[in-house]
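Structural characterization, general
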Amino acid sequence: MAKKSDPGIGYGKPPLHSRFKKGQSGNPRGRPKGSLNFATDLKRTLQAPVTLSDGGKSRRVTTQEAALLRLREKALKGDVKALDRLLSYAMAVSADAAEQTTKGPSADDEAILDAFRAQLLAEANGEEGGGS
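This part is about the overall build of the protein chain. Check the secondary structure of the protein chain and you find four helices and two strands. Put simply, the protein chain runs from its N terminus to its C terminus through helices and strands in the order α-β-β-α-α-α. Within the protein chain, contacts between residues at least 6 apart in sequence are counted, and of these 0% link residues at least 24 apart. Just so you have it, the protein chain exposes about 12,000 Å², and 57% of that area is on carbon and sulfur atoms.

Shown next as C-alpha cells:
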C-alpha cells in the first residue's frame, strides 16, 4: 500500500519506484534487426509464385494474380459479393489511372518548361533585335 508521505499517487501518477528512470529506455532491446513490418510481409506474400492449372496446362503466376483470377471465376459463376469486389477493384484502378492522366506536370517539369520558354523568348528577342 502507498505511504502517506508519497504525494501525488493515483490515476496517471504511479509511485516513484515504478516510474521510468531518467535516461533509461522503456524498450532497451528495441525491435530486432531484420524483422519486417506487415506491408513488407504482405508485398512479399503477394509476389510469391504459385502454380495454376489453366486448361490442363500448368503456369506460374504471382499469388496476387492467382487470387484475382479466383475472384474473377467466382464473379463469373454468379457470386454477387465476388462480382462487387472485382468491380470495386476495377473502379479504383480506373480512377487511379484517370487521376494520373489528369494531373498536370510536376514542379520539376514546370521548371524545365519555364526555362525552355525563357530560352525561346530570349532567342526570339535576340534575333528580332539583331535584324533591326
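Here we take up the pattern of salt bridges. Where charged atoms from two side chains of opposite charge approach closely, those side chains can pair. Tallying each qualifying case throughout the model produces three salt bridges. Between D41 and R44 there is a salt bridge; the shortest N-O distance is 2.9 Å. In this pair, D41 and R44 both sit in helix α1 (residues 38–47), three residues apart, roughly one turn of the helix. A salt bridge links D114 to R117; the shortest N-O distance between them is 2.6 Å. Remark: R117 and D114 occur in helix α4 (residues 107–131); sequence separation between them is three residues, near one turn of the helix. Its relative accessible area of 43% is what places R117 among the partly exposed residues.

Time to look at helix α2 (residues 63–76). In this model, α2 (14 residues) spans 20 Å end to end at C-alpha, consistent with the 20 Å of a helix rising 1.5 Å per residue. Those residues of α2 that sit buried are A66, L69, L71 and A75.

Further remarks concern the pairing of strand β1 (residues 49–54). Two strands pair when backbone bridges link them, and β1 and strand β2 (residues 57–62) are joined in this way by six bridges, in the antiparallel orientation. Looking at the pairing, T51 lines up with R60 of β2. Here β1 folds back onto β2 in antiparallel fashion, the turn holding two residues, of which G55 has a positive phi close to 65°.

Another aspect to go through is the layout of surface pockets. The calculated volume of the largest pocket comes to roughly 190 Å³. If you go around the largest pocket, the residues you meet are L52, S53, D54, R59, A66, A67, L69, R70, R72 and E73. Considering every element that reaches the lining of the largest pocket, the biggest residue donor is α2, with six residues. Per-class residue counts for the lining of the largest pocket are four nonpolar, one polar and five charged.

Further remarks concern the environment of L71. Take L71: it is sitting in helix α2. C-alpha of L71 to C-alpha of K81: the two residues are ten residues apart in sequence and 9.6 Å apart in space. Apart from residues no more than four positions distant in its own chain, L71 is found in contact with A82, R85, L86 and Y89.

Conventions we followed
Residues numbered from 1 in each chain as written. Predicted model: local features only at pLDDT ≥ 70, side-chain atom pairs only at ≥ 80, totals over all residues. Heavy atoms only, no water. Helix = DSSP H or I, 4+ residues; strand = E, 2+ residues; numbered from the N terminus. Contact = heavy atoms within 4.5 Å. Areas by Shrake-Rupley, 256 points an atom, 1.4 Å probe, with all protein chains shown as cover. Salt bridge = Lys/Arg side-chain N within 4 Å of Asp/Glu carboxyl O. Buried < 20%, exposed > 50% of the residue type's maximum accessible area, 1.4 Å probe, protein only. Expected span 1.5 Å × (residues − 1). Pairing = 2+ DSSP bridges. 1 Å grid on protein atoms, 1.4 Å probe; cavity = no way out; pocket = protein on both sides within 12 Å on 5 of 7 lines; lining within 4 Å. Points joined across faces, edges and corners; volume = space filled by probe spheres on them. Nonpolar A, V, L, I, M, F, W, Y, C, P; charged D, E, K, R; others polar.

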